[in-house]
Each structure stands twice: as structure tokens, then as C-alpha cells.
Amino acid sequence: MRSALLAALLGLSIAGAAVAAGLSLKDQMKSVVEPASNALFAVGGDVDPANGPDAAKVADARWQEGLKAAQALTTVAADLNRAQRESEPEWRQAAGDFARLAAVAETAAQARDGAGLSTAANALADTCTACHTKYKPKT
Ligand code: HEC
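Residues numbered from 1 in each chain as written. Predicted model: local features only at pLDDT ≥ 70, side-chain atom pairs only at ≥ 80, totals over all residues.

Some remarks on the overall build of the protein chain
Right, so step 1: When helices and strands are tallied, the protein chain shows five helices and zero strands.
Right, so step 2: From first element to last, N terminus to C terminus, the protein chain shows the α and β order α-α-α-α-α.
Right, so step 3: Evaluated residue by residue, the protein chain yields a buried proportion of 26% over its 139 residues.
Right, so step 4: Taking the contacts inside the protein chain whose residues are at least 6 apart along the sequence as the reference set, 66% of them involve residues at least 24 apart. (Helix = DSSP H or I, 4+ residues; strand = E, 2+ residues; numbered from the N terminus. Buried ≥ 20, exposed ≤ 12 C-beta atoms within 10 Å, placed from the backbone. Contact = placed C-beta atoms within 7 Å.)

Structural data, given as C-alpha cells:
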């Protein structure tokens, strides 16, 4: 009885570390990661020098949107890195790539580096698939 309670409490504290922001992983994905990454991918397209000479003239507000989105993702990344699956190499790899690329995107947005931002955004999209393939429940 006592050890069952202890096990339940331990389980809770491990799950709790993964959701420091008070949201479940699923809710963070839905309410933060999905909208922020969509915003980042869209801004990445706008500032990509491959999309034409006007990419360099992207409005300041657009860069700010990209920066805010990247910052939201770096916040979630800290949680992903603390998730209970961090002992599994595939999780660590995907969560680590996610964190690194969100930080690269953030720096690129601050520096108004269009090539850097679009490259990071594209690579970030690959981490979603990499992690979901193994860890997201199939519906
Ligand atoms: C390190 C792992 C990992 C990475 C990286 C990751 N996800 Fe997820 N994501 C998950 C897991 C696990 C779930 C399933 C959560 C559940 O159903 O409990 C999920 C679920 C989701 C969902 C479904 C939420 C719902 O309502 O069911 C969306 C949308 C999502 N992720 C978007 C993204 C996007 C976009 C990216 C990349 C920018 C991304 N995720 C990167 C692990 C990850």
C-alpha cells in the first residue's frame, strides 16, 4: 500500500518535470508548438533569399513575429529536454535538435539573417516528424 503510493508520487513528479509550464505535452504541442512553428515556417518562407530579392525588405513586424515564435519554441524545448523519455536516444536526439534549431532560428531572427532563419525553420520541421514517428500515438 505504502510503496504503491510512493510509486504513484514518484511517477507524478517525473511527469511533472516534463510539464513545468503546467500543460501536458499534448497541450503544449497543440497550443504552443503547432502555432509557433507554423508562424516560424511562414516567416522563414518570407525571409528566404531564395524567394527573390524582396526577401531582404521584409517588414520589421514580420521579423518580430519570427522572433516571438522562435522564443516560444525554445521555451517548450527546455521542457522537451526534461521529459521522462530523455533516457531514450531517439527522444534525446529529436528533442536536442529541436532545441538547437529553435535557438538558431531565434539568433537568426535577431540578426535579420534570412538564409539562417529559413534554413533553421526547414530543419526544425524534420524534428517534428522524427519524434512523432516514434513517440506520437497513432490515431
Ligand atoms: C521530442 C519529441 C517531439 C518533437 C521534437 C515534436 N513533438 Fe509534437 N508531439 C510529441 C508527442 C510525444 C506527441 C503526442 C502527445 C500525446 O498525445 O500525449 C506530440 C503531439 C503533437 C501534436 C498533436 C497534439 C494533439 O492535439 O493531439 C501536434 C500538433 C504536434 N505534436 C506538433 C509538433 C510540431 C509542429 C513539431 C515540430 C515543430 C513537434 N510537434 C515536435 C513529441 C514531439
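What about the site of the ligand?
Right, so step 1: Around the ligand, a shell composed of 20 residues is seen, among which K26, M29, S37, C128 and C131 lie nearest.
Right, so step 2: Only α2 (25-47), α4 (89-111) and α5 (114-135) provide two or more residues apiece to the shell around the ligand.
Right, so step 3: Of the residues assigned to the shell around the ligand, the class counts are 13 nonpolar, three polar and four charged. (Near = placed C-beta within 6 Å. Nonpolar A, V, L, I, M, F, W, Y, C, P; charged D, E, K, R; others polar.)

Details of the packing of α2 against helix α3 (residues 60-82)
Packed helices, taken two at a time, are described by their axes: the angle between them and the distance between them.
Right, so step 1: Contact pair α2 / α3: the axes reach a minimum separation of 8 Å and the direction vectors enclose 140 degrees. By the angle between their directions, the pair α2 and α3 is classed as oblique. When the axes of α2 and α3 are compared, the crossing they make is left-handed. For the pair formed by α2 and α3, the contact residues are Q28, V32, V33, A36, S37, A39, L40, V43 and D46 on the first element and R62, E65, G66, A69, A70, A72, L73, V76 and D79 on the second.
Right, so step 2: Across the contact of α2 with α3, the residue classes tally to eleven nonpolar, three polar and four charged. (Axes fitted to C-alpha atoms, helices over the stretch in contact; angles between N-to-C directions. Parallel < 35°, antiparallel > 145°, perpendicular 65-115°, else oblique. Left-handed = near helix turned anticlockwise from the far one by under 90°.)

Quick notes on the packing of α4 against α5
Right, so step 1: Orientation of α4 relative to α5, taken along the N-to-C sense of each, is 160 degrees, at an axis distance of 9 Å. As summarised for this structure, α4 and α5 are arranged roughly antiparallel, according to the angle between their axes. Where α4 crosses over α5, the two elements pack in a sense that is left-handed. Residues E90, W91, A94, D97, F98, L101, A102, V104, A105, A108 and A109 of α4 touch α5, and the partners they reach there are G116, L117, A120, A121, A123, L124, T127, A130, C131, K134 and Y135.
Right, so step 2: Among the residues making up the contact of α4 with α5, the classes are represented as 17 nonpolar, two polar and three charged.

Brief notes about the nonpolar core
Right, so step 1: Formed by 28 residues in total, the largest nonpolar core has its most connected members in L73 and A105.
Right, so step 2: Apart from residues lying up to four places away in sequence, A105 is in contact with L40, A70, L117, A120, A121 and L124. (Core = buried A, V, L, I, M, F, W, Y, C linked by C-beta atoms within 7 Å.)

Describing α5
Right, so step 1: Counted at 1.5 Å a residue, the expected span for α5 with its 22 residues is 32 Å, and the 32 Å between its end C-alpha atoms agrees.
Right, so step 2: Burial in α5 covers these residues: G114, L117, S118, A120, A121, L124, T127 and C131.
Right, so step 3: Summarising the contacts, the buried residues of α5 are in contact with α2, α3 and α4. (Expected span 1.5 Å × (residues − 1).)

Details of α2
Right, so step 1: A bend of about 35 degrees at V33 is the largest found in α2, and the proline P35 appears one to four places after it.
Right, so step 2: Regarding α2, the residues found buried are Q28, V33, A36, S37, L40, V43, G44 and V47.
Right, so step 3: Along its buried surface, α2 packs onto α3, α4 and α5. (Bend = angle between axes of the 7 residues up to and from the residue.)

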